[in-house]
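This is what each chain is made of:
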Amino acid sequence: MKIAVPSTEPTLEGYVANKIGTAAYLLIIETYDMSFEAIDAPSQSSGAGAGVRALSLVMDKGAQVILVGHISPFIVSGFADQGIKIVTQVSGKVGESVKNYMDALDTRQNNHDPQSETPSSQDQWRVAMDMGLRQFRAFLPMVTGVVLLLGLFQGFISEQKLVSLFSGTVLQDSFWGACMGSVLTGNPVNSYVIAKSLFSMGVGISGIMALMLTWVNVGLIQLPAEAKALGTGFALVRNIAGFIMALIVSCVISMFAGGWI
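Reading the values: the criteria
- Residues numbered from 1 in each chain as written.
- Predicted model: local features only at pLDDT ≥ 70, side-chain atom pairs only at ≥ 80, totals over all residues.
- Heavy atoms only, no water.
- Helix = DSSP H or I, 4+ residues; strand = E, 2+ residues; numbered from the N terminus.
- Expected span 1.5 Å × (residues − 1).
- Buried < 20%, exposed > 50% of the residue type's maximum accessible area, 1.4 Å probe, protein only.
- Core = buried A, V, L, I, M, F, W, Y, C linked by side-chain atoms within 4.5 Å.
- Contact = heavy atoms within 4.5 Å.
- Pairing = 2+ DSSP bridges.
- Axes fitted to C-alpha atoms, helices over the stretch in contact; angles between N-to-C directions.
- Phe/Tyr/Trp six-rings, centres within 6.5 Å; stacked < 30°, edge-to-face > 60°.

Caption draft 1: Molecular detail of helix 10 (residues 232-256). Compared with the 36 Å implied by 1.5 Å per residue over 25 residues, the 36 Å span of helix 10 between its first and last C-alpha is a close match. What helix 10 keeps buried is the set Ala235, Asn239, Gly242, Phe243, Ala246, Ser250, Cys251 and Ser254.

Caption draft 2: A look at the nonpolar core. Ile20 and Ile66 are the most contacted members of the largest nonpolar core, which totals 17 residues. Listed by contribution, the elements that provide at least two residues to this core are strand 2 (25-30), helix 1 (48-60) and helix 2 (73-81). Ranked by residues supplied to this core, first place goes to helix 1 with 3 residues. Excluding residues within four positions of it along the chain, Ile20 makes contact with Pro6, Leu26, Gly51, Ala54, Leu55, Val58, Val68 and Ile71.

Caption draft 3: Here's a closer look at the sheet that holds strand 1 (residues 2-7). Judged by pairing direction, the sheet is mixed, and its 5 strands sit side by side in the order 3-2-1-4-5 without closing on themselves. Strands with a single pairing partner mark the edges of an open sheet, and in this sheet they are strand 3 (35-40) and strand 5 (85-87). Ignoring which end each strand starts from, the neighbouring axes of this sheet average 20° apart. Summarising the sheet, strand 1 and strand 2 pair through 6 bridges and their orientation is antiparallel. Considered in strand 2, the bridge of Ala4 is made with Ile28.

Caption draft 4: Structural detail: the packing of aromatic side chains. One pass over the full model with this rule turns up 2 aromatic pairs. Their ring planes at 70° and their centres at 5.5 Å tell us that Phe175 and Trp176 sit as a pair that is edge-to-face. For Phe175, a relative accessible area of 37% gives the class partly exposed. On the basis of relative accessible area, Trp176 is assigned to the partly exposed category, the value being 33%. Taking the centre distance of 6.2 Å and the plane angle of 85° together, the rings of Phe175 and Phe243 count as edge-to-face. A residue pair is termed long-range when its members are at least 10 positions apart, and Phe175 in helix 6 (residues 170-183) and Phe243 in helix 10 qualify at 68 residues. Ring pairing ties together the aromatic residues Phe175, Trp176 and Phe243, which thus form one cluster.

So this is what it looks like as structure tokens:
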């Protein structure tokens, strides 16, 4: 088994780093003989991007387990889907931490009851219900966003007011469309429903395109979660860049579609 550990030193005598993005070295350790490869970690000057590149290096090296002091729960769950286990709250020397983890793993395997491998029907129902509830919670904000936006258009904003907001000039339509898409983010399919409603009200193609692009690529609602997982700097730059690119692309498409005013 290969275990990756962010370390303060390029040896097993180094200490486990608290965060993978701030470690000086990444150690890839073969547990069967405790041989290891020490890799220089990405530069800390790159901010949150250092952690992303460090995790990418670990995956490229084929590590199945990562031992670290702290890491975002969003990243832990994401790597679990890829078959990579991340163990947090790890401290002390790298070599000792790896041995402690392997000893604990051996203990769990020795005490394992083979009969527990086959879950009961009650357990299967519980897992299925839990998955269904998680999917429903993930889908609910998308449905709510569509209902609220359509209700806003139809109940509080008349077609005359909406058309006046989207004046017909490419830049203004693109800006307001991008603002709406950035706030009410969600599944790409939902943006088609919103776009059709806007189009039927007379909104120009530039505003509709900007809304559809930012609906998927910019997300103010999910910005706190993205910042926690990947870093505030990365999240802000990505969302601002997505907003600007949506404006540019919507203007270009409108120009080629013959709607430039």
